[in-house]
Amino acid sequence: MKGRLVLVPTPIGNLGDITLRALEVLRQAEVIACEDTRRTAKLLRHYGIHTPLVRLDQHTMNRAGKLFEEHRYIAYASDAGTPGISDPGAELVGLARERGFEVEVLPGPTALVPALVVSGFPSVRFVFEGFLPVGGRNRRRRLEALERESRTVVLYESPHHLRKTLTDLTAVYGPEHPLALVRELSKKHEEVWRGTLAAALAEFTEPRGEFVIVLGPRPAQSENGPDAARLYEELRAQGLSGRKLAEELERAGLSRNQAREWAYRKEEG
Ligand code: SAM
């Protein structure tokens, strides 16, 4: 291996949300490449870290080659959260591999997981759509694909495009479809709003802050009932049993009675 690139997840709001390993890598790397030097510098100041910073965002990715030539231990931090999730981190991983660098990713903060979990929608299976393309044929295709999607769907969106995306999702799902808008996670004005697409459009007339959109599964799934046997097997494989298993089965769309029956009767048998 020619060198080592470590992708370091950074807080999505609250500076306290960083792991001890992340701090160790930021301290020990030769250089920290980052999407936004001001933002990363603030984090480094907070933790008294003095590693040099180099800007590396989607517009300056052509600098990556030089970085790989000059350094053997590079840390990468994107704007916030886990690099590679809807940010330039993914491209950097490819470039590092081409250069023969070993790539490591630390587990850590990301917006999609807490948003999905706090939404209360089934989280056993879900789809992460990231940002929809802003317009054109690609956006239409992605929206069309959602017409056939029966799982919980998680999307990222900027406040600027939120209303347009809610309007387009209304055309796909209908105005009464339930969703959660999870705003400003881990920040002072954190908010979890739940309601229908029509109510969201009425409520968020001038959206501000950072949003994750979580769309509930299509009603067809709850009407016909989810595949209880498959869910049961999946959750058992994850090590769930008893009350925890019943709770997860219920969250996935089974009635309380069904969930209990599966969780307890099957275990006894
Ligand atoms: N890499 C990041 C991650 O791991 O979540 C995502 C980067 S992407 C460029 C930024 C988007 O993530 C925002 O537009 C928003 O949809 C979501 N996001 C980031 N921080 C958030 C927060 N504190 N609250 C809600 N959504 C957030």
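Heads up: these notes are all about the structure in this document. Keep in mind that this is a model prediction, so the values were computed, not measured.

It is worth spelling out the environment of Asp 17 at this point. Relative to the assigned elements, Asp 17 resides in the loop between strand 1 (3-7) and helix 1 (20-28). Relative accessible area serves as the criterion here: at 35%, Asp 17 is assigned to the partly exposed category. Taking the C-alpha atoms as reference points, Asp 17 and Arg 97, 80 residues apart in sequence, are found 29 Å from one another. Contacts of Asp 17, omitting those with residues within four sequence positions, involve Thr 10, Pro 11, Pro 109 and Ser 186.

Moving on, we get to the pattern of salt bridges. Tallied over the entire structure, the rule returns 16 salt bridges. Among the ionic pairs, Arg 4 bridges to Glu 104, the shortest N-O distance being 2.7 Å. Taken together, the residues Arg 4 in strand 1 and Glu 104 in strand 5 (residues 101-105) connect sequence positions 100 residues apart. Arg 4 gets classed as partly exposed once you look at its relative accessible area, which sits at 29%. Taken together, the shared-partner salt bridges connect Arg 139, Lys 164 and Asp 168 into one network.

Along helix 4 (residues 89-98), the residues that are buried comprise Gly 89, Leu 92, Val 93 and Ala 96. The buried side chains of helix 4 occupy one side of the element, clustering within an arc of 105° when seen end-on. Those residues of helix 4 that are buried lie in contact with strand 1, helix 3 (64-70), strand 4 (73-77) and strand 5. Positive backbone phi, approximately 80°, marks Gly 100, located one or two places after helix 4.

The next point concerns the packing of helix 6 (residues 136-146) against helix 7 (residues 159-173). Packing of helix 6 against helix 7 leaves a shortest axis separation of 9 Å and a crossing angle of 45°. By the angle class used here, helix 6 and helix 7 are oblique. The two elements helix 6 and helix 7 meet at a crossing, and its hand is right-handed. Here helix 6 contributes Arg 139, Leu 143 and Leu 146 to the contact with helix 7, which in turn contributes Lys 164, Thr 165, Asp 168, Leu 169, Val 172 and Tyr 173.

Take the sheet that holds strand 5 next. Here five strands make up an open sheet; going across it, the order is 3-2-4-1-5 and the pairing parallel. Every other strand in the sheet has two partners, leaving strand 3 (53-55) and strand 5 as the edge strands with one partner each. Each strand of the sheet is rotated relative to its neighbour by a mean of 25°, with strand direction disregarded. Across four bridges, strand 2 (residues 31-34) lies against strand 4 in parallel orientation. Across the sheet, the residue bridging to Val 31 is Ile 74, located in strand 4. Relative to strand 4, helix 1 is tilted by about 125°, and along the sheet it contacts strand 1, strand 2 and strand 4. Docked against the sheet, helix 4 engages strand 1, strand 4 and strand 5, running at close to 150° with respect to strand 5.

Turning to unusual backbone geometry, a few remarks are in order. Its identity as a non-glycine residue notwithstanding, Glu 184 has a phi of 55°, on the positive side. Residue Glu 184 is classed as buried on the basis of its relative accessible area, which comes to 14%. Of note in the backbone geometry, Ser 186 takes a positive phi value of approximately 70° without being a glycine. With respect to the helices, strands and loops of the structure, Ser 186 is situated in the loop between strand 8 (178-183) and strand 9 (191-196).

Thresholds applied
Position labels on residues start from 1 in each chain and follow its written sequence. With the structure being a predicted model, the display of local features is reserved for residues of pLDDT at least 70 and the display and counting of side-chain atom pairs for 80 or more, all residues being used for whole-chain, interface and lining totals. Hydrogens are left out, water is left out, and the side-chain values use all remaining heavy atoms of the structure. Secondary structure elements follow DSSP: runs of H or I of four or more residues count as helices, runs of E of two or more count as strands, with numbering from the N terminus. Burial classes: relative accessible area under 20% of the type maximum marks a residue as buried, over 50% as exposed, and values in between as partly exposed (1.4 Å probe, protein chains only). Residue contacts are counted whenever heavy atoms from the two residues lie within 4.5 Å of one another. Salt-bridge detection follows one rule: a side-chain nitrogen of Lys or Arg within 4 Å of a carboxyl oxygen of Asp or Glu. When we speak of the arc, we mean the arc of directions from the helix axis to the C-beta atoms. Convention adopted: a line fitted to C-alpha atoms gives each axis, helices being fitted over their contacting stretch, and angles between N-to-C directions are expressed from 0 to 180 degrees. Angles are sorted into four bins: roughly parallel if under 35 degrees, roughly antiparallel if over 145, roughly perpendicular if 65 to 115, and oblique for all others. By the definition used in this description, the sense in which the near helix is turned from the far one sets the handedness, with an anticlockwise turn below a right angle giving left-handed and a clockwise turn giving right-handed. In short, DSSP must find at least two bridges between two strands for them to pair.

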